[in-house]
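Structural description and commentary
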Amino acid sequence: MKARTITSAIAGVLCCVLGGGSVAVAQEAGGGSAGTSQPATPPATNPAPAPSVNPAPAPTTTPDATEISPGGTSLPEVQVIQQQPKPKPKPKPVRQVKAKKATVPVAAAPAPQPAPATAEPTEVKMSPIGGSEIPVAKVPGTVSTVTASDIASTGSVVPQDYLAQRVPGIIISDVQGNGFQSDIQFRGFEVSPVNGVAQGMAVYQNGVRINEAFGDVVNLDFLPDVAINNVTVMTGNPVFGLNALGGSISFDMKNGFNYHGAEFDFRAGSFGRIQESAQAGMQSGNVGAYIALQNINDDGWREFGPTTINRMYTDLGFKGDNSEFHINFTGANNKYGVTAAAPEQLLDSAWNRAYTNPQVTDNQVEMVSVNGQIKVAPATVVSGVAYYRHFEQSHSDGNIAEFEACDTNPGILCNEDGEQLTGPGGSTVTNPGGELGSIDYTSQNADSFGATLQAVNKNKVFGHNNQFLIGTSYDHGHVIYGASSEVGFFRPHFVVQGTGTTLTGPEDFTPRNITAANDYFGLYITDTFDVTSKLSITAGGRYNYAAIRLSDLNDPTNPDLNTTGIFERFNPAAGLTYKLVPGISLYGGYSEANRAPTPAESACADPDNPCLIESFLTADPPLKQVVSHTWEVGLRGDHGDRHNHFQWSAGLFRTLNTNDIVTQIAPGGTRGFFVNATNTLRQGIEASAQYTTDRYNLYASYTYTNATFRKGYEQFSPNNPNAGECVTVSDPNAECIEVMPGDHIPGVPDHIFKAGFDYWLTSKWKFGADLIASSGQYFYGDENNSNPKLAGYAKVNLHTSYDLTDHIQIYGLIDNLFDNHYGTYGTFFDTEEASGASLGEFDFTDPRSFTPAMPFAAYGGVKVKF
C-alpha cells in the first residue's frame, strides 16, 4: 500500500535524524481511556494529603504560533503535552535506608499520579495560520475548543463523534450510513464527505484548507485521532475564506516540540473492531519530530458495511530563537461500505438491514505541507504555509434502474422515453431479465496546491495595545472526474448484480469524463484595538476571488460543459468585546461570508438535463454565489483557578443566507439538479458551562436552532406522499411541494442538549459518561413540513480507565448504553420500485427511509506508554 510505504520511509528518516533525542515517558499514563479534560490533580488514595502536582501551564498559543508582546519579547516556550519525568535516584546503601526508615512519611513516596490534561488554550488564531493569536476574551464571536485530552476521553477515533460530544451546536447527520464517513452539522450548516451536500463551513488542517477541490467536501477520516493537538470551532470570521458561512473548524496537529514520549494503543470490541495506533514524539536540541500511525478494521454493524482505515501523520520541526519551521505529511488509504438510508419497514424487520448494494467508497490522500514563522522585528511576525495535496476517490453505487424493457422489443432495454440504450460501440443492450438495477461508478483524481502568507504587527497605537493582521492566500485545484453506469439486476437482500455492460447512450447515460480547475485567491485584513483596558474593537474583512473552469474531455467543443465561472466578493466583519467585571465579558459582532458554487453544482444546474446525483454532469446555467449575513451577541465567563475552574457562555446568533443553493429531485427520484431557489435563516440561542475541580469535571450545553426558509419556492419531491402537480414545469411526471416562508429546513433539529462528567474514583481509576439528546427533524424532501418528523433521540456513552502501572493502562468504552434505536438522517423513496427490488420479500407502503444509528457497542483496550 502506497501510504504504508511512505510511512516506513518517513519513520526511518525520523529515527536517523533524531537518533540522539531522548524519548520521554508518556504523561497521559493516568489520563483515561481515554484521558479527558481531567481534574488538575486526581484524588489521593489515603487520608494523608498527597504532594501537589504542578500542572502544565495553559498554552497561550497553538504549537506553531508566535506570541509577541508590544515590547517585543522572544518566541514563547513550547507547551509540552508529554514530558519525561526525572529519573528516580538510585537506592542508598542499606545502612542509610535503615537510619531513615522511621522518619520517612508515606506521602514522601506517593503512588504515581497522572499529570493534568492539556489545558484549553487561552488564545486562539484569528486566521488559519499561526502568529495571529489573541485572547479568547477579545474574540467578538463564539469560540469552542476541543483538546487532545478531550478527544482521548471520548474514546472515539472519528472526529465527527468527539466534535458532536464536546462542541455546543454540533450534531451528526449520516447520509452515507457509515460512522466513519458521517456529516457534522453546526447550527444548521453542514460539513460532509458527500458531493451535493451544501458545505457551510471552512475546514483547515495546520493552516491548509482541506475542503476538497471538486465539491468542497471534507474527508475527516484522513486524520489520525491521536495526532490531533486541538480543534477550534469559530464563528463570524470571514478571514477563513470560502465556505465560512457558519464558521470555521481548525485542526492543529501535534509535533515533536509539544509531544514527547511514545504510546501504543490496541483496542478490540463489537462488530469485529480491531484497531492499533502508535504515536511518538521527540526533541533533540532545536529539532523535533513526531509520527502517528493508525490501522482500524471494522466488520460494520449493518449488512455490507465493513471499514478498513490506514492513516498516518508525521512532522519534522526546526526552531531557532526567532523562527520556527515545520514540514509534515498526511497519508491515508481507506475503504468503506456505505449503506445509506433504508426503508422504515425494512429496518423494522432487522435493524442492520441495508437497501440497494453495492455501495463502496475508496479514499486515498497524500498531503505535504510546510509552515513557519519568523520574527522580523520586535513586534512583527511573518507566517506562512504552502502545501501539495493529492486526493483519489472511487465510488460504486447500486440503484434501482432508470431504464426498462422496450415496449416494442422486451429483449432489449430502453430509457423511460422509449429510446434504446446503447453499449460499447453503439451496440443494443440486452435485457438481463428480472428486476432491473444499475451500478453507477464515479471517480475523482485531484491535485491541489496553494500557499498563504501573512504578517502580524503588535506595536501599540496611541499608547493602546493593538494587533494588525494582513495576509493573502492562493489555492489551485485540478480534478479529473469520471462517471459511468453498468446494467444489472437484483438479487436477494437488494444486491445489484452487474452484467458487465457499460452504457454509452442515450444522452442521460453517456459516460462522463470532466476536468475541473479552480483558482481561489484571497486577501484579508483585520485589526484588534484596545480602546480601554476593558473595551476591544475588531474590524476587517476578506476579498475572495474564485474562478471555476469546466472542460468536457469527451467533447471539447460542447458549449454546455466547457465553461468558466467567475465569483468575487469582499466580506466585512466588525465586533467588540467588553469586560463587564473581572471574569465576565460581553461580545457582539456582524460578519459576512460567501461560498462559490462548486464545480459539481455548476456542472449540474440544468432542469432539462438532471444529473444522476454523484454521477452524471450535464449543462450548467450559471449559479449565483451564496452569501451569509451573521449577527452574534453574548456573554462569557471564566472564574477560579486550576483547582476550581468554571467557564460558561450564553449567546444569541442569527445568520441569513441569500441565494441559497438547493437540490431539486427530478421525476424518478435518483436524478436531480442544483438551483438558487431561496433565502434561508438560521437563528437561535446557545449556552454552555464547564466546571473542573481536583477530582471531577462536569460540562453541559444547550442549543436552540430555528432554521427556516425565508422565501417561497417550488420543490421537486417525487416520493413525498403529499406531493402534487408542479406549477413551474410542464413535465406531467413531475411531482412538487410548495415551500412557504417560515417552513423549517429539513435535517436541522430545534433542540440539542449535551452533558457529561469525568470522576476520579482513585488516583488510578477514572470513570465518565456523556449524553447527547436531540429533538426531531423533518425528512429531506419534506421542505413544506407536511409529514411527521424523524423522531428525536438521547444517547449515553460510558468510558473508564485504570492504570496498572506507570506505563500500562487498560480502558473500556460503551457506545449507546441503553441500545436506543433512532435515525440521524431521513428521506423518501419509491415504494413501488422498492417492492419490486425486494423480490417479493416486502410490499412497501411507507415511503419514509432513514439512516439507523449504531446499537449498543462495547470496546476494550490497553495503552502502553514510554
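Everything numeric in this text was worked out from a predicted model, so none of it was measured. Counting of residues starts from 1 at the beginning of each chain's written sequence and follows it residue by residue. This being a predicted model, a pLDDT of at least 70 is required before a residue's local features are given, and a value of 80 or more before pairs of side-chain atoms are given or counted; all residues contribute to the totals for chains, interfaces and linings. Derived side-chain values reflect all non-hydrogen atoms in the structure, with water molecules and hydrogen atoms excluded from consideration.

Under the scheme used here, helices are H or I runs from DSSP no shorter than 4 residues and strands are E runs no shorter than 2 residues, and both carry numbers assigned from the N terminus. From N to C terminus, the protein chain includes seven helices and 42 strands. Throughout, exposure labels follow a simple rule: accessible area from a 1.4 Å probe, protein chains only, divided by the maximum for the residue type, with under 20% read as buried, over 50% as exposed, and the rest as partly exposed. Among the 866 residues that make up the protein chain, the fraction classed as buried is 58%. Contacts are residue-level and defined by heavy atoms, with any inter-residue pair within 4.5 Å sufficient. Considering only residue pairs separated by 6 or more positions, the protein chain has 70% of its internal contacts joining residues 24 or more positions apart. Only the protein chains shown count as covering a residue, and every accessible area follows the Shrake-Rupley method with a 1.4 Å probe. Put simply, the protein chain shows about 31800 Å² of open surface, and 59% of that area lies on carbon and sulfur atoms.

Moving residue by residue along a regular strand, the side chains alternate between the two faces of the sheet. In terms of burial, strand β41 (residues 848-852) is a largely internal element, four of the five residues being buried. A pair of strands counts as paired when DSSP detects no fewer than two bridges linking them. Two strands pair when backbone bridges link them, and strand β16 (residues 342-343) and β41 are joined in this way by two bridges, in the antiparallel orientation. The residue of β41 that forms the bridge with alanine 342 is phenylalanine 850. Two strands pair when backbone bridges link them, and strand β40 (residues 823-828) and β41 are joined in this way by five bridges, in the antiparallel orientation. Its bridge partner lying in β41, tyrosine 825 is registered against threonine 851.

Criterion for a disulfide: a pair of cysteine sulfur atoms within 2.5 Å. Overall, the coordinates contain two disulfides when judged by the stated rule. Residue cysteine 406 pairs covalently with cysteine 414 via a disulfide, S to S 1.8 Å. An S-S torsion of about 100° defines the bridge between cysteine 406 and cysteine 414 as right-handed. The class for cysteine 406 is buried, based on a relative accessible area of 4%. Cysteine 414 sits in the buried class, given a relative accessible area of 4%. The side chain of cysteine 726 participates in a disulfide bridge whose partner is cysteine 736; the two sulfur atoms lie 1.9 Å from each other. Around the S-S axis, the bridge from cysteine 726 to cysteine 736 shows a dihedral of about 90° and counts as right-handed. Here cysteine 736 lies in strand β35 (residues 735-739) and cysteine 726 lies in the loop between β34 (724-725) and β35, a separation of ten residues in the sequence.

With respect to topology, five strands assemble into an open sheet ordered β3-β9-β10-β7-β8, the strand pairing being mixed. A strand with exactly one partner marks an edge of an open sheet, and here the two such strands are β3 (143-147) and β8 (208-209). Pairing between strand β7 (residues 202-205) and β8: two bridges, direction antiparallel. The partner of tyrosine 204 across the bridge, within β8, is arginine 209.

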